[in-house]
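# Descriptive structure summary
If you want the building blocks of each chain, they are given just below.
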Amino acid sequence: MPVDFSGTWNLVSNDNFEGYMVALGIDFATRKIAKMLKPQKVIKQDGDMLSIHTTSTFRDYMLQFKIGEEFEEDNKGLDNRKCKSLVTWDNDKLVCVQIGEKKNRGWTHWLEGDDLHLELRCENQVCRQVFKRA
Ligand code: ECB
């Protein structure tokens, strides 16, 4: 049985989000707003199908995909760069590789105790986010 990430999750910590946003080329004004946010994630996991809805008072981002199947991602409202994304299991971690203009781009989700962890990677920057169940 794979891990089930389903649920509603609230951000409680956000380490080096600034560095990650700089690597993505997000402008100063947008970064100032974005780093104040406490986004919520609503994750629905049904077999190989996942939806991850990240919401905030500023912008929302919705992602739906099938694990193991490459898809086009538009990153609309984030850096707006298109990439080809593939999400796979690495043991109990869900790993996304985002192939595009930015090197070493991707993310990893895993559970640790009652917490949801998310590592966001771009170039040489790593942002670490922790969420707790709402
Ligand atoms: C959508 C809430 C954050 C809005 C931030 C607005 C502007 C900053 C622009 C770009 C920064 C890049 C990413 C923002 C961080 C989190 C959004 C979703 C990150 C992500 O890819 O989550 C994955 C894994 O949960 C599912 O899309």
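Residues numbered from 1 in each chain as written. Predicted model: local features only at pLDDT ≥ 70, side-chain atom pairs only at ≥ 80, totals over all residues. Heavy atoms only, no water.

## Overview of the overall build of the protein chain
What counts here: Each helix is a run of H or I in the DSSP string that is no shorter than four residues. Each strand is a run of E no shorter than two, and both are numbered from the N terminus. We compute the radius of gyration over the C-alpha atoms and compare it with the globule rule, which gives 2.2 Å times the number of residues raised to the power 0.38. Think of it in three bands: residues with accessible area under 20% of the maximum for their type are buried, residues over 50% are exposed, and the middle band is partly exposed, with areas taken using a 1.4 Å probe on protein chains only. A contact between two residues is defined here by any heavy atoms of the two lying within 4.5 Å. Only the protein chains shown count as cover for residues, and the accessible areas themselves come from Shrake-Rupley with a 1.4 Å probe. Note that His is not counted, nor are the chain ends; the positive residues are Lys and Arg, and the negative ones are Asp and Glu. Lys charges are placed at NZ, Arg charges at CZ, Asp charges at CG and Glu charges at CD.
Broken down by element type, the protein chain carries two helices and 10 strands. Taken from the N to the C terminus, the helices and strands of the protein chain come in the order β-α-α-β-β-β-β-β-β-β-β-β. The C-alpha atoms of the protein chain give a radius of gyration of 14 Å, which matches the 14 Å a tight globule of 134 residues would have. When the backbone C-alpha atoms are referred to their principal axes, the protein chain occupies close to 45 × 30 × 25 Å. In the protein chain, which comprises 134 residues, the proportion classed as buried is 44%. At a minimum sequence separation of 6, the contacts of the protein chain that also span at least 24 residues come to 39%. Accessible surface, the protein chain: about 7600 Å² in total, of which carbon and sulfur atoms supply 51%. Put simply, the protein chain has 20 plus and 21 minus side-chain charges, and the middle of one group is 6 Å from the middle of the other.

## Section: the nonpolar core
Our working rule: By nonpolar core is meant a set of buried Ala, Val, Leu, Ile, Met, Phe, Trp, Tyr and Cys residues that side-chain atoms within 4.5 Å join together.
Within the largest apolar cluster, 30 residues are counted, with the highest numbers of intra-cluster contacts made by Tyr 20, Ile 43, Leu 50, Phe 65, Val 87 and Trp 107. The set of elements that each furnish at least two residues to this core consists of β1 (7–15), α1 (17–23), β3 (49–55), β4 (61–66), β7 (93–99), β9 (115–122) and β10 (125–133). Sequence-distant contacts of Ile 43, defined by excluding residues within four places in its chain, comprise Phe 5, Ser 6, Gly 7, Trp 9, Leu 50, Ser 51, Ile 52 and Leu 116.

## Regarding the sheet that holds strand β5 (residues 71–73)
Hydrogen bonds between backbone atoms are what pair the strands of a sheet, whose relative direction is either parallel or antiparallel. Let me state the cut-off plainly: Two strands pair if DSSP finds at least two bridges between them. Lines fitted to the C-alpha atoms define the axes, with helices restricted to the stretch that makes contact. Angles between their N-to-C directions range from 0 to 180 degrees.
Strand order in the open sheet formed by 10 strands is β4-β3-β2-β1-β10-β9-β8-β7-β6-β5, with antiparallel pairing between adjacent strands. Each edge of the open sheet is held by one strand with a lone partner, namely β4 and β5. Between one strand axis and the next, the sheet turns by 25° as a mean value, whatever way the strands run. The sheet contact formed by β5 and strand β6 (residues 83–90) spans three bridges and is antiparallel.

## Examining the packing of aromatic side chains
Here the distance between the centres and the angle between the planes together describe a pair of aromatic rings. Under the convention used in this document: Note on aromatic pairs: the rings of Phe, Tyr and Trp (six-membered ring only in Trp) are paired at centre separations within 6.5 Å, and the planes decide the class, stacked below 30 degrees, edge-to-face beyond 60, tilted for the rest. A positively charged side chain is recorded as over a ring if its NZ (Lys) or CZ (Arg) lies within 6 Å of the ring centre. The angle to the ring normal must also be within 35 degrees.
Taken as a whole, this structure holds three aromatic pairs when the rule is applied. Aromatic side chains Phe 65 and Phe 71 sit 5.5 Å apart centroid to centroid with 5° between the ring planes, which places their arrangement in the stacked category. Phe 71 carries the same exposure label as Phe 65, and that label is buried. Connected via pairs of aromatic rings, a cluster forms that spans Phe 65, Phe 71 and Trp 107. The side chain of Lys 93 reaches across the aromatic face of Trp 110, ending 4.4 Å from its centre.

## Considerations on the pairing of β7
Looking at chain direction, β6 and β7 are connected through seven bridges and run antiparallel. Counterpart to Lys 84 in the pairing with β7 is Ile 99. The antiparallel hairpin formed by β6 and β7 contains two residues in its connecting segment, where Asn 91 sits at a positive phi of about 55°. The hairpin formed by β7 and strand β8 (residues 106–112) contains six residues between the paired strands, and Asn 104 there has a positive phi angle of roughly 55°.

## Notes on the UniProt feature "domain: Cytosolic fatty-acid binding proteins" (unreviewed entry) in the protein chain
Rule in force here: UniProt positions are given in the numbering used here, feature names are shortened, and annotations may be inferred rather than shown by experiment.
Annotation from UniProt places "domain: Cytosolic fatty-acid binding proteins" (unreviewed entry) at residues 7–24. End-to-end, the C-alpha atoms of residues 7–24 are 28 Å apart, and along that stretch the chain is 39% helix and 50% strand.

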